[in-house]
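The chain contents come next:
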Amino acid sequence: MICVFIRSLTKGGAEKQSIILTSVLKKKYSTLLVVLHGEYIDEEYLKIITDEHITLVRLKGSLTKKLHELYRVLKSNKIEFIFCYLLSDNIWGAIIGKMAGIKNIIGGVRSSSMPIWKILLMKSVHHLIQNYTVFNNKAGRDIFVSRYHFNSKKAIVIHNCYLNVPQRITRKENELVKILTVGRFVGLKDFDTTLESINTLRGINNSGVRFQFLIVGYGELENQIRKLVEKLKLKEIVEIIINPEKISDYYEESDIYLSTSKYEGLSNSIMEAMAYCLPVVETIVGDNHFLIKEGINGFLADKGDAKMISEKLLQLVGSGSLRNKMGAKGYEHLIKDFTSDQFSENYYSLIESLKAGA
């Protein structure tokens with residue numbers, strides 16, 4: 001039996017991927033999804049869990065009580081494999097998993113960069129307890145192996161996948177072009193560059209087409225983002241939407257997707273944009289270049305380069321046919337390379353190799 005262990009199920013890329021992994025694994029193996037902080041689960045994720053018939057275990061109470069319950073769940077269900085996602089999952093999953101006698105403990109790294117203290121903690125459990133650490137991006141794996149001396153034989157790459165791709169969309173050319181970004185309001189998303197890019201685009205836009213910028217998400221930097229919008233006098237063209245019930249509505253209604261992250265693993269929000277046939281302008285970080293091919297299904301730009309980003313956006317704002325062409329190419333790329341088939345095969349192969357003692 002397999003346990004997928006995740007810290008929480010609030011909105012986030014790792015959180016959604018833990019649900020997707022559980023859905024994929026349960027098709028072949030008995031699988032549980034265990035949530036350390038089970039008091040609250042995002043409604044969208046709860047619906048996916050229900051629709052996919054996932055067995056969910058929500059740990060509640062004090063941390064001591066939760067860890068004791070985790071130990072009991074692992075022992076009583078005779079768990080053979082535990083897959084962990086984020087820092088606390090890796091640490092507690094490794095320690096409690098070891099105490100419970102689990103033979104196969106697999107960690108996870110979901111970004112190409114993190115603070116050094118987190119890396120050192122991850123490195124400890126990687127070397128001492130985990131059988132493997134799964135990176136969702138090659139860039140991060142290479143950095144952690146070469147710079148921080150993770151064991152190259154135990155550090156493997158399995159890219160994220162997208163579950164339940166919607167029907168292809170072809171958009172009409174609208175008078176108002178909507179540019180969308182979705183994500184937590186945190187520093188790594190670099191909203192300073194995002195908004196400076198929109199400000200620069202406003203100044204160079206000679207296409208005659210009006211545009212609007214939608215920021216969808218939530219987080220600690222909300223007030224800072226609002227102040228910057230006011231400072232740049234962007235209130236007429238920027239709308240901030242906090243944690244909406246259906247993010248998919250905004251993907252459907254938008255025309256272009258923008259991501260200006262300082263670092264990433266493999267972006268779930270970009271895959272979401274591709275699923276809704278949106279052309280993407282993104283910064284060259286992590287493994288996002290595996291998703292977006294320059295001039296094919298979007299554009300790549302250097303991180304922090306607002307001028308370069310605005311010039312890429314301008315090409316898309318001025319041409320509905322280019323937006324539809326690139327959006328269709330992105331959709332095809334997602335269907336071909338980032339749906340569950342290859343993802344499933346990679347995880348099945350890992351599990352079977354561990355069963356065989358490889």
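As shown above, the structure is provided for reference.
Draft legend 1. Layout of the environment of Ile116. With respect to the element layout, Ile116 can be found in helix H5 (residues 116-128). Take Ile116: its relative accessible area is 48%, and that puts it in the partly exposed class. The spatial distance from the C-alpha of Ile116 to the C-alpha of Lys233 is 37 Å, given a sequence separation of 117 residues.

Draft legend 2. Seen up close, the sheet that holds strand S11 (residues 256-259). Reading across from one edge, S10-S9-S8-S11-S12-S13 is the order of the 6 strands in this open sheet, with parallel pairing throughout. Pairing within the sheet leaves two strands with one partner each, and these edge strands are strand S10 (238-242) and strand S13 (298-301). Here the strands of the sheet are splayed against their neighbours by 20 degrees on average, with no regard to which way each runs. Taken together, the 5 bridges between strand S9 (residues 210-218) and S10 define a ladder with parallel strand orientation.

Draft legend 3. Structural view of the packing of aromatic side chains. Evaluated as defined, the whole model comprises 10 aromatic pairs. Judged by centre distance (5.6 Å) and plane angle (70 degrees), the rings of Phe83 and Tyr347 are edge-to-face. Of the two residues, Phe83 sits in strand S4 (residues 81-84) while Tyr347 sits in helix H13 (residues 340-355), which places them 264 residues apart along the sequence. Judged by relative accessible area, which is 3%, Phe83 ranks as buried. Note on Tyr347: relative accessible area 3%, which makes it buried. Arranged with centres 6.2 Å apart and planes meeting at 70 degrees, the rings of Phe135 and Phe150 form a pair that is edge-to-face. Taken as a pair, Phe135 in strand S6 (residues 132-135) and Phe150 in the loop between helix H6 (138-146) and strand S7 (155-157) lie far apart in primary sequence, 15 residues in all. Each member of the pair Phe135 and Phe150 is classed as buried. Taken together, Phe135, Phe144, Tyr148 and Phe150 form an aromatic cluster joined through their ring pairs.

Draft legend 4. Expanded view of the pattern of salt bridges. All told, the structure shown has 19 salt bridges when counted by the stated rule. Close ionic contact of Glu44 with Lys16 constitutes a salt bridge, the shortest N to O distance being 3.9 Å. Of this pair, Glu44 sits in helix H2 (residues 43-51) while Lys16 sits in helix H1 (residues 13-25), and the two are 28 residues apart along the sequence. Residue Glu44 is classed as partly exposed on the basis of its relative accessible area, which comes to 26%.

Draft legend 5. Expanded view of the packing of H1 against helix H10 (residues 268-275). The interhelical angle for the contact between H1 and H10, taken along N-to-C directions, is 65 degrees, at an axis separation of 9 Å. Overall, the two elements H1 and H10 adopt an arrangement that is roughly perpendicular. Of the residues in H10, those touching H1 at Gly13, Ala14, Lys16 and Gln17 are Asn268, Met271 and Glu272. Class assignment of the residues belonging to the contact of H1 with H10 gives a composition of 2 nonpolar, 3 polar and 2 charged.

Draft legend 6. Looking closely at H10. For H10, the tally of buried residues reaches 8 of 8 residues, placing the bulk of the element in the interior. Regarding H10, the residues found buried are Asn268, Ser269, Ile270, Met271, Glu272, Ala273, Met274 and Ala275. Packed against the buried residues of H10 are H1, strand S8 (176-184), helix H9 (247-253), S11, strand S12 (280-283) and helix H12 (320-337). Within two residues after H10, Cys277 carries a phi angle of roughly 60 degrees, on the positive side.

Draft legend 7. Structural view of the pairing of S6. Burial along S6 is two-sided: Tyr132 and Val134 facing one way and Thr133 and Phe135 facing the other are all buried. Here 4 bridges tie strand S5 (residues 104-109) to S6, and the two strands are oriented parallel to one another. The residue of S6 that forms the bridge with Ile106 is Tyr132. Crossover S5 to S6 through H5 is right-handed. In terms of strand pairing, S6 meets S7 through 3 bridges, oriented parallel.

Draft legend 8. How the structure looks around the sheet that holds S4. If you walk across this open sheet you meet the 7 strands as S3-S2-S1-S4-S5-S6-S7, and the pairing is parallel. Edge positions in the sheet fall to strand S3 (55-58) and S7, since each has one partner strand and no second. Going from strand to strand, the sheet's axes swing by 25 degrees on average, the running direction of each strand aside. Bridge count for strand S1 (residues 2-6) against strand S2 (residues 31-35) is 5 bridges, and the pairing is parallel. Paired with Ile2 across the bridge in S2 is Thr31. Contacting S1, S4 and S5, helix H4 (residues 87-99) runs over the sheet at an angle of about 175 degrees to S5. Across the face of the sheet, H13 comes into contact with S1, S4, S5, S6 and S7 while running at roughly 140 degrees to S4.

Reading the values: the criteria
Residues numbered from 1 in each chain as written. Predicted model: local features only at pLDDT ≥ 70, side-chain atom pairs only at ≥ 80, totals over all residues. Heavy atoms only, no water. Helix = DSSP H or I, 4+ residues; strand = E, 2+ residues; numbered from the N terminus. Buried < 20%, exposed > 50% of the residue type's maximum accessible area, 1.4 Å probe, protein only. Pairing = 2+ DSSP bridges. Axes fitted to C-alpha atoms, helices over the stretch in contact; angles between N-to-C directions. Phe/Tyr/Trp six-rings, centres within 6.5 Å; stacked < 30°, edge-to-face > 60°. Salt bridge = Lys/Arg side-chain N within 4 Å of Asp/Glu carboxyl O. Parallel < 35°, antiparallel > 145°, perpendicular 65-115°, else oblique. Contact = heavy atoms within 4.5 Å. Nonpolar A, V, L, I, M, F, W, Y, C, P; charged D, E, K, R; others polar. Right-handed = clockwise from strand over helix to strand, strands pointing away.

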